[in-house]
Amino acid sequence: MRFGFVGCGNMGGAILSGAISTGVLDKGHVAVFDVSPTVSRHWKDGGISVLGDDEQVTHWADIIILAVK
């Protein structure tokens, strides 16, 4: 299954980091989108796929985690 995160700042990032570090999620099965270029760059540098917008995430993922204000 593929997991998409729309919003991956403090809350989404904590969920994603925890899931990856405990082995619940594999980096290859995750894609994220965040409006902040800094946040997006952080995840891309960490080996996570960063997509161009929320619509791309919803089309790509089987399960979507919304973590936005």
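See the structure shown above.
The written sequence of each chain sets the order in which its residues are numbered from 1. At least 70 in pLDDT is required for a residue's local features to be given in this predicted model, at least 80 for side-chain atom pairs to be given and counted, and no such filter applies to totals for whole chains, interfaces and linings, which use all residues. Water and hydrogen atoms play no part in the side-chain values, which are based on all heavy atoms of the structure.

### Looking at the packing of aromatic side chains
Stacked, edge-to-face and tilted are the three classes for Phe, Tyr and Trp ring pairs, Trp counted by its six-membered ring, which pair at centre distances within 6.5 Å; planes under 30 degrees apart are stacked, over 60 edge-to-face, the rest tilted. Following the criterion strictly, the structure yields 0 aromatic pairs and no others. Counted as over-ring charges are cases with an Arg CZ or a Lys NZ within 6 Å of the ring centre that also lie within 35 degrees of the ring normal. The aromatic ring of W60 is capped on one face by R2, whose charged end is 4.8 Å from the ring centroid.

### Here's the deal with the side chain of D34
Where helices and strands are cited, they refer to DSSP runs of H or I of at least four residues and of E of at least two residues respectively, numbered from the N terminus. Tracing the backbone shows D34 in the loop between β2 (30-33) and α2 (37-45). Each residue gets one of three labels from its accessible area relative to the maximum for its type: buried under 20%, exposed over 50%, partly exposed in between, using a 1.4 Å probe on protein chains only. Counted charges follow a simple rule, with Lys and Arg positive, Asp and Glu negative, and His plus the chain ends left uncounted. By convention in these notes, a salt bridge is any Lys or Arg side-chain nitrogen within 4 Å of a carboxyl oxygen on Asp or Glu. This buried residue, D34, is left without a salt bridge; K69 holds the nearest opposite charge, at 9.6 Å. One polar contact links the side chain of D34 to the main-chain amide nitrogen of G9, over a distance of 3.5 Å. Counting of polar contacts relies on pairs of N or O atoms within 3.5 Å, with two restrictions inside protein: one atom must be capable of donating a hydrogen and the other of accepting it, and residues adjacent in sequence are counted only when both atoms are side-chain atoms. At 2.9 Å, the side chain of D34 forms a polar contact with the backbone nitrogen of S36. Any pair of residues with heavy atoms lying within 4.5 Å of one another is described as a contacting pair. Those residues in contact with D34 that sit more than four places away from it in its chain are G7, C8, G9, V39 and S40.

### Quick notes on the layout of surface pockets
The way it works is a 1 Å grid over only the protein atoms, where trapped points that fit a 1.4 Å probe form a cavity and open points with protein on both sides within 12 Å along at least five of seven lines form a pocket, and then any residue with an atom within 4 Å of a point lines it. Grid points are joined across faces, edges and corners, and a volume is the space filled by probe spheres set on the points. In this structure, the largest pocket spans a volume of roughly 300 Å³. For the lining of the largest pocket, the element with the highest residue contribution is helix α1 (residues 10-21), accounting for 3 residues. Split into classes, the residues belonging to the lining of the largest pocket amount to 8 nonpolar, 5 polar and 2 charged. When residues are grouped by polarity, Ala, Val, Leu, Ile, Met, Phe, Trp, Tyr, Cys and Pro land in nonpolar, Asp, Glu, Lys and Arg in charged, and all others, Gly among them, in polar.

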